[in-house]
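Read off the chains here:
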Amino acid sequence: MDWLKLFRGEERKGSASLAKERLQVIVAHQRHSGRDHPDYFPKLQKDLLRVIRKYVQVNEDAVNIGIERDGELEVLELNITLPEHK
Amino acid sequence: MAKIIVVTSGKGGVGKTTTSASFATGLALRGHKTVVIDFDVGLRNLDLIMGCERRVVFDFVNVITKEANLKQALIKDKRIDNLYVLAASQTRDKDALSQAGVGRVLEELSEDFEYIICDSPAGIEKGALMAMYYADEAVVVTNPEVSSVRDSDRVLGILASKTQRAEKGERVKEHLVLTRYVPSRVAEGEMLSVEDVCEILAIDLLGVIPESEDVLNASNSGVPVVLNEESKPGLAYGDMVDRFLGEDRPHRFLEAEKKGFLNRLLGK
Ligand SMILES: Nc1ncnc2c1ncn2[C@@H]1O[C@H](COP(=O)(O)OP(=O)(O)OP(=O)(O)O)[C@@H](O)[C@H]1O
Ligand SMILES: [Mg+2]
């Protein structure tokens with residue numbers, strides 16, 4: 001224990017401030033991927049998978065979509081993992 | 001046209017039913033014809049908190065399935081005019097609620113009532129979605145604790161995407177009610193403060209309800225705590241109702257009671 005701090009009347013940092021910091025991170029993440037997540041994402045993902053599979057056999061989880069925000073600009077990010085060549 | 005308000009939280013056991021009961025009772029006390037509906041099908045307890053459990057004959061599900069009409073199922077409060085309860089079914093499950101059925105019942109109630117309060121079950125599954133779907137406004141009940149705040153944030157996201165208003169491109173007006181607040185623990189830095197929670201959730205603060213044994217006493221006796229005007233939670237819920245109706249009320253009971261030297265000596 002830092003006695004000097006106690007004498008100087010500085011507050012010991014309780015767990016509440018840690019809780020707040022953690023929540024700020026969680027909520028920022030949740031809003032990014034949750035609150036403004038368009039509802040059509042799951043369907044879009046499925047449709048894309050179907051189209052791609054016309055040409056290449058890929059896994060269920062091969063298609064990944066997300067939204068990147070940069071100021072006012074929104075970019076739809078598409079990641080498609082192709083099977084490895086043997 | 002009635003205003004439909006959902007009382008919701010995500011996390012269970014944070015005080016939705018306590019808040020629904022006092023909110024509805026407070027609105028009726030101030031002269032507004034109000035009905036409070038228990039959406040917690042299978043686990044009803046609003047009737048206990050309202051003290052009308054022995055008068056439940058027909059319930060919400062019976063009305064949805066047309067086994068009974070609204071007139072038969074609405075329970076008129078014995079103490080307060082203008083106040084009615086629609087109990088949840090104890091024997092059915094959430095699948096008994098259909099969106100169309102809920103919509104029809106709410107529409108019928110709208111013709112007769114000023115306020116319809118929907119006490120949501122915990123979670124973000126069907127029951128909770130049904131309770132919020134037709135809402136015009138939402139009271140998000142939160143405890144000053146990490147998991148509750150996180151769940152509230154999730155619920156805000158769902159209110160903004162899965163409700164009828166959201167589908168029409170409109171917003172559900174959101175209010176925060178922070179319950180089970182312990183000012184002394186906040187002062188010690190052990191509990192999130194009201195400012196912390198407001199900063200994180202960034203919605204309108206409608207009320208802060210202190211932790212108090214008066215809440216348990218109230219539910220033991222089946223009297224909504226807002227009717228106990230000698231209790232802090234009762235007064236805090238009263239303020240919440242006034243604010244909702246547009247009155248300006250400063251928040252009370254946010255500071256830890258300072259024990260004076262004399263009181264400490266006297267052990268008070
Ligand atoms: N301000 C308060 N002070 C002390 N105890 C409280 C307070 N508010 C609620 N409680 C207690 O917390 C418990 C849960 O309250 P309540 O039933 O209202 O929560 P709920 O959110 O409706 O729960 P569920 O998710 O199960 O429906 C009850 O025992 C109640 O007495
Ligand atoms: Mg409840």
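This one's a predicted model, so the numbers in the text were calculated from it and none came from an experiment.

**Quick notes on the overall build of chain B**
Of regular secondary structure, chain B possesses 13 helices and 8 strands. In terms of C-alpha radius of gyration, chain B reaches 18 Å, essentially the compact-globule figure of 18 Å for 268 residues. The dimensions of chain B, computed from C-alpha atoms along their principal axes, are 65 × 40 × 35 Å. The buried share among the 268 residues of chain B stands at 55%. Excluding contacts between residues fewer than 6 apart, the proportion of contacts in chain B whose partners are at least 24 apart in sequence is 75%. In chain B, which carries 34 positive and 42 negative side-chain charges, the distance between the mean positions of the two groups comes to 2 Å.

**Focus on the environment of B:Gly207**
Residues and elements named next belong to chain B. Among the secondary structure elements, Gly207 is positioned in strand β8 (residues 204-210). Owing to a relative accessible area of 0%, Gly207 belongs among the buried residues under this scheme. In this view, Gly207 contacts Leu176, Val177, Leu178, Met240, Arg243 and His251; residues no more than four positions away in its chain are not counted.

**Description of helix α3 (residues 41-53) of chain A**
Residue and element names in this part refer to chain A. Taking 1.5 Å of rise per residue, 13 residues should cover 18 Å, and α3 covers 18 Å from first to last C-alpha, within 8% of that figure. Of all the positions in α3, only Phe41, Leu49 and Ile52 are classed as buried. Looking straight down α3, one finds its buried side chains confined to an arc of 75 degrees; they lie on one side. For α3, the exposed residues lying more than 90 degrees away from the buried face are Lys43, Lys46 and Arg50.

**Regarding the site of ligand 1**
All names here are of chain B. As a structural note, the neighbourhood of ligand 1 is formed by 15 residues, with Gly13, Gly15, Lys16, Thr17 and Thr18 the closest of them. Contact between ligand 1 and Val14: an oxygen atom at 3.2 Å from a main-chain N or O atom of the residue. Side-chain polar atom of Arg180 to an oxygen atom of ligand 1: 3.0 Å apart, as the coordinates give it. Counting only elements with at least two residues in the shell around ligand 1, the list comes to α1 (16-29) and β8. If one sorts the elements of the shell around ligand 1 by residue count, α1 sits on top with 3 residues. The residue inventory of the shell around ligand 1, partitioned by class, reads 5 nonpolar, 6 polar and 4 charged.

**A look at the sheet that holds strand β1 (residues 3-8) of chain B**
Spatially, 8 strands are ordered β3-β4-β2-β5-β1-β6-β7-β8 (chain B) in an open sheet, and the strand pairing comes out mixed. With one partner strand each, in any of the chains shown, β3 (75-76) and β8 of chain B form the two edges of the open sheet.

**Thoughts on the environment of B:Lys66**
Topologically, B:Lys66 is positioned in the loop between α3 (60-64) and α4 (70-73). Counting along the chain gives 186 residues from B:Lys66 to B:Arg252, while the straight-line C-alpha distance between them is 45 Å.

**Quick word on the packing of α1(B) against helix α12 (residues 232-244) of chain B**
Residue and element names in this part refer to chain B. Following both chains from N to C, one finds α1 and α12 inclined at 60 degrees, their axes separated by 9 Å at the closest point. Comparing their axes, α12 and α1 come out oblique. The way α1 lies across α12 gives a crossing that is right-handed. Of α12, the residues touching α1 (which contributes Thr18, Thr19, Ser22, Phe23, Gly26 and Leu27) are Tyr237, Met240, Val241 and Phe244. Considered class by class, the residues forming the contact of α1 with α12 number 6 nonpolar, 4 polar and no charged.

Each value, and the rule that gives it
Residues numbered from 1 in each chain as written. Chains lettered and ligands numbered in written order. Predicted model: local features only at pLDDT ≥ 70, side-chain atom pairs only at ≥ 80, totals over all residues. Heavy atoms only, no water. Helix = DSSP H or I, 4+ residues; strand = E, 2+ residues; numbered from the N terminus. Rg over C-alpha atoms; globule rule 2.2 N^0.38 Å. Buried < 20%, exposed > 50% of the residue type's maximum accessible area, 1.4 Å probe, protein only. Contact = heavy atoms within 4.5 Å. Lys, Arg positive; Asp, Glu negative; His and termini not counted. Charge placed at Lys NZ, Arg CZ, Asp CG, Glu CD. Expected span 1.5 Å × (residues − 1). Arc of directions from axis to C-beta. Near = heavy atom within 4 Å. Polar contact = N/O pair within 3.5 Å; in protein donor to acceptor, adjacent residues only side chain to side chain. Nonpolar A, V, L, I, M, F, W, Y, C, P; charged D, E, K, R; others polar. Pairing = 2+ DSSP bridges. Axes fitted to C-alpha atoms, helices over the stretch in contact; angles between N-to-C directions. Parallel < 35°, antiparallel > 145°, perpendicular 65-115°, else oblique. Left-handed = near helix turned anticlockwise from the far one by under 90°.

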